[in-house]
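Here are the chains, one letter per residue:
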Amino acid sequence: MTSPVRVRFAPSPTGHLHVGHVRTALYNFLLARGRGGAYVLRIEDTDTERSTTESRRGIIEALDWLGLEWDEGPEKGGPYAPYLQSGRYEEFRAAARRLWDEGHAYPCFCTTEELDAEREEARHEGEAYVYSGRCRDLDRDEVERRLADGEPYALRFRVPPGRTSWVEPTSRGMVAFENAGLGDFVIWRRPSIDGGHPLYNFTVAVDDIAMRITHVLRGDDHISNTPRQVLIYHALGAEPPSFVHLPMILGPDRQKLSKRHGATALDEFRRQGYLPEGLVNYLALLGWSEGEDRELYSLAELIESFSLERLNKTAAVFDYDKCRHINGEQLKALPAEERARRALPYLRGAGAVPAELEPDTDGWPRLVEIIEQIADRVKLLSEYTFYVRPFYHAPTEYEEKAVKKVLGKSGARERLERGRAALAEADGFTHDALESAFRELAAELEVGLGKLIQPLRVALTGDRVGIGLFETAELLGREAALERIEHCLSFMDSHDLGA
RNA sequence: GGCCCCAUCGUCCAGUGGUUAGGACACCGCCCUUUCACGGCGGCGACACGAGUUCGAAUCUCGUUGGGGUCACCA
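Predicted, not measured: the structure shown is a model, and the values here were computed from it.

Peer 1: I keep staring at the overall build of chain A and nothing clicks. Help me out?
Peer 2: Across its full length, chain A carries 20 helices and eleven strands. A globule of 499 residues ought to have a C-alpha radius of gyration of about 23 Å, yet chain A, at 32 Å, is considerably larger. Across the 499 residues that make up chain A, the buried fraction comes to 49%. Within chain A, contacts between residues at least 6 apart in sequence are counted, and of these 73% link residues at least 24 apart. In the structure as shown, chain A presents an accessible area of about 23600 Å², 48% of it carried by carbon and sulfur atoms.

What follows is the structure in structure tokens.
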């Protein structure tokens with residue numbers, strides 16, 4: 001039950017990290033941490049044409065941000081290096097040669113044109129393409145001759161008859177494929193074993209064997225590759241690991257999640273103000289549940305609770321609303337000081353606060369207090385800018401509905417003036433002092449407190465929406481508050497409002 | 001189309017032979033309230049269908065339908 005586990009997350013550096021990848025990485029991480037095993041990061045860069053170091057850096061940075069720290073991998077090393085798949089080239093070559101020597105692989109001289117024709121015919125017949133096996137039983141002498149002539153070839157795996165199956169340690173259980181439907185697949189590209197490149201189904205097995213991987217957790221879309229990999233394991237005399245195929249994450253239209261559906265790349269979520277805690281929490285819930293009605297988890301709690309047995313097998317639709325909600329819950333759990341630190345880059349980026357504002361400087365406690373007051377009005381870090389901006393910038397215009405529904409109401413101007421007087425004369429410019437002053441004024445004017453407060457709020461912030469009015473005023477200070485009211489009064493005059 | 005996987009509210013999850021089928025998000029009311037949020041209360045809303053097994057099926061079996069994945073000398 002608690003046998004040592006070795007898992008890996010093996011992205012190919014050909015693009016951005018997608019939420020689906022993130023969930024796969026997370027589950028691998030959770031399994032390893034929960035069972036005291038090793039979580040390794042391996043970069044599958046054998047496709048030299050599509051792999052970029054920029055993508056690799058992006059992936060590493062993203063994983064870093066999420067807090068999914070790997071035990072072995074790039075920039076860290078480990079006992080089973082190399083962790084960049086391209087670094088294992090000679091080992092792949094040796095394994096391929098061995099397969100060839102032992103008859104598990106054979107050279108295929110078919111040209112691209114010939115193969116295209118085969119594929120074309122299969123499509124025409126409405127059947128799945130399976131390599132014909134034309135080069136499978138070539139005469140030994142002929143093979144020698146063509147090899148000696150330097151004719152280009154690819155290496156194909158000789159798929160044996162029968163069926164291939166494996167048992168997943170989840171409710172999915174056994175999955176089986178008929179070998180006949182697999183076809184002899186290519187493990188090494190042309191022109192030859194000395195010059196070409198090893199291919200995925202082969203490299204992944206060799207690498208996992210070399211790294212002593214015990215559990216392969218990956219997307220559902222890899223199920224059809226699995227029998228081929230199991231075959232390679234057997235041919236190489238190795239015991240296959242446990243395979244666990246995770247349900248897909250779909251878009252709202254139930255198609256595989258893609259850019260069309262909105263944000264999918266991790267950096268986009270980050271830009272939008274998601275917390276790593278929020279994303280991790282939400283993604284953990286997409287395909288797994290503890291079995292009770294709980295859905296708020298820290299990474300540490302997930303490590304504690306996660307188990308393969310509780311994985312579910314139904315594809316899940318990514319729900320942005322729910323993701324945002326979970327993020328909001330995680331945000332609530334953070335102390336104001338921390339929320340302020342995390343929000344700062346967004347605030348500065350939006351110009352809501354002075355560019356030079358830094359933690360632990362003179363202006364810092366005030367920002368923390370503002371953030372504290374905003375409380376759980378926001379769910380994403382980027383949403384703080386709306387509430388924070390008024391404390392650093394006097395309104396230059398007034399929100400449309402605020403003008404219509406507040407400033408435009410008859411008597412608004414008088415109430416605002418009386419409010420200004422109350423602010424000017426208040427004995428102490430604190431929340432409590434202001435509140436009692438306004439309650440008295442409301443009683444005197446025989447109007448609801450709201451009637452008094454609304455115009456003031458608009459004058460002070462430019463909008464009807466914001467934190468408590470008395471907190472707002474206190475945080476602004478008497479001088480700035482009075483100045484803003486003056487400005488608003490003249491705005492009302494020039495627009496003939498609130499008479 | 002072949003092969004493979006899957007099937008409970010709109011969405012995400014509970015539920016493993018006997019429940020008024022539960023929770024969360026979203027949505028809609030009401031309450032609280034200086035606005036917006038938060039919070040509280042309530043509502044809407046699902047076992048895809050058909051056979052079987054059983055005293056009894058959301059739960060087990062088979063079929064149908066539906067959805068998804070995959071069919072490269074990419075990963």
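The rest of the description comes next.
Peer 1: Help me out: how do you make sense of the protein's contact with RNA strand B in this one?
Peer 2: Taken together, 66 residues sit near RNA strand B, with Asp47, Gly126, Gln255, Glu295 and Arg377 positioned nearest. Sugar plus phosphate: this is where 73% of the atoms of RNA strand B within 4 Å of the protein reside. In this structure, Tyr200 approaches RNA strand B through a main-chain N or O atom, which is 2.7 Å from a phosphate oxygen. Contact distances for RNA strand B include 2.9 Å between a base oxygen and a backbone N or O atom of Arg464. Looking at the surface near RNA strand B, the elements with two or more residues in it are helix H4 (112-125), strand E4 (154-157), strand E6 (173-178), strand E11 (316-317), helix H11 (320-332), helix H18 (449-461) and helix H19 (469-476). Taken together, the residues of the surface near RNA strand B break down into 23 nonpolar, 17 polar and 26 charged.

Peer 1: Please clarify how the domain arrangement of chain A should be interpreted in this entry.
Peer 2: We note that the domain assignment places domain 1 (88-246), domain 2 (271-385) and domain 3 (400-494) within chain A. For domain 1 and domain 3, the distance between their C-alpha centres works out to 75 Å.

Peer 1: Can you walk me through the packing of helix H3 (residues 89-101) against helix H6 (residues 200-210) in this structure?
Peer 2: Any two packed helices are characterised by how steeply their axes cross, that is the angle between the axes, and by the distance between the axes. Across the interface, H3 lies against H6 with an axial gap of 10 Å and an inter-helix angle of 110°. The angle between H3 and H6 places the two elements in the roughly perpendicular class. Residue-level contacts link Glu91, Phe92, Ala95, Ala96 and Leu99 of H3 to Phe202, Thr203, Val206, Asp207 and Ala210 of H6. Considered class by class, the residues forming the contact of H3 with H6 number seven nonpolar, one polar and two charged.

Peer 1: Could you clarify how one ought to interpret the packing of aromatic side chains in this entry?
Peer 2: For any two aromatic rings, the description comes down to two numbers: the centre-to-centre distance and the angle of the planes. The final tally for this structure, using the stated rule, is 20 aromatic pairs. Look at Trp166 and Phe177: their rings are 6.0 Å apart centre to centre, the planes differ by 10°, and that puts the pair in the stacked class. On the criterion of sequence distance, the pair formed by Trp166 in strand E5 (residues 163-168) and Phe177 in strand E6 is long-range, its members being eleven residues apart. On the accessibility criterion, Phe177 (24% relative accessible area) is partly exposed. Summarising the aromatic geometry, the rings of Trp188 and Phe202 are spaced 6.5 Å apart at their centres and angled 65° between planes, so their arrangement reads as edge-to-face. Taken together, the residues Trp188 in strand E7 (residues 186-188) and Phe202 in helix H6 connect sequence positions 14 residues apart. Each member of the aromatic cluster is reached from another via a ring pair, and the members are Phe269, Tyr274, Tyr282, Phe318 and Tyr320. Directly above the ring of Tyr129 sits Arg119, whose terminal nitrogen or CZ lies 5.1 Å from the centroid. Here the guanidinium or amino end of Arg366 rests over the ring plane of Tyr392, the centre of that ring lying 5.1 Å away.

Peer 1: Sorry if this is basic, but what is going on with the nonpolar core here?
Peer 2: One recurring pattern in soluble globular proteins: nonpolar side chains tend to sit buried together. If you look at the biggest cluster of nonpolar residues, it comprises 59 residues, and the most contacted ones within it are Leu367, Tyr384, Val388, Leu407 and Met492. Ignoring any residue separated from it by four or fewer positions in sequence, one finds Leu407 in contact with Tyr398, Ala402, Ala412, Pro455, Val458, Cys488, Phe491, Met492, Leu497 and Gly498. Counting residues in hydrophobic clusters, the runner-up holds 50 residues, among them Val22, Leu63, Ala263 and Phe318.

Peer 1: Honestly, the pattern of salt bridges in this entry has me stumped. Any pointers?
Peer 2: Pairs may arise between side chains of opposite charge once their charged atoms sit close together. For the structure shown, the criterion picks out 41 salt bridges. With its nearest N and O atoms 2.6 Å apart, the salt bridge here joins Arg342 to Glu277. Here Glu277 lies in helix H9 (residues 276-285) and Arg342 lies in helix H12 (residues 336-349), a separation of 65 residues in the sequence. Overall, the relative accessible area of 22% leaves Arg342 in the partly exposed class. Take Glu277: its relative accessible area is 27%, and that puts it in the partly exposed class. With its nearest N and O atoms 3.4 Å apart, the salt bridge here joins Glu329 to Lys332. Of this pair, Glu329 and Lys332 are both found in helix H11, three residues apart, which corresponds to roughly one turn of the helix. Several salt bridges share partner residues, and in doing so they unite Arg8, Arg42, Glu44, Arg88, Glu91, Asp207 and Asp208 into one network.

Rules used throughout
Residues numbered from 1 in each chain as written. Chains lettered and ligands numbered in written order. Predicted model: local features only at pLDDT ≥ 70, side-chain atom pairs only at ≥ 80, totals over all residues. Heavy atoms only, no water. Helix = DSSP H or I, 4+ residues; strand = E, 2+ residues; numbered from the N terminus. Rg over C-alpha atoms; globule rule 2.2 N^0.38 Å. Buried < 20%, exposed > 50% of the residue type's maximum accessible area, 1.4 Å probe, protein only. Contact = heavy atoms within 4.5 Å. Areas by Shrake-Rupley, 256 points an atom, 1.4 Å probe, with all protein chains shown as cover. Near = heavy atom within 4 Å. Polar contact = N/O pair within 3.5 Å; in protein donor to acceptor, adjacent residues only side chain to side chain. Nonpolar A, V, L, I, M, F, W, Y, C, P; charged D, E, K, R; others polar. Domains from an automatic or database assignment. Axes fitted to C-alpha atoms, helices over the stretch in contact; angles between N-to-C directions. Parallel < 35°, antiparallel > 145°, perpendicular 65-115°, else oblique. Phe/Tyr/Trp six-rings, centres within 6.5 Å; stacked < 30°, edge-to-face > 60°. Lys NZ or Arg CZ within 6 Å of the ring centre and 35° of its normal. Core = buried A, V, L, I, M, F, W, Y, C linked by side-chain atoms within 4.5 Å. Salt bridge = Lys/Arg side-chain N within 4 Å of Asp/Glu carboxyl O.

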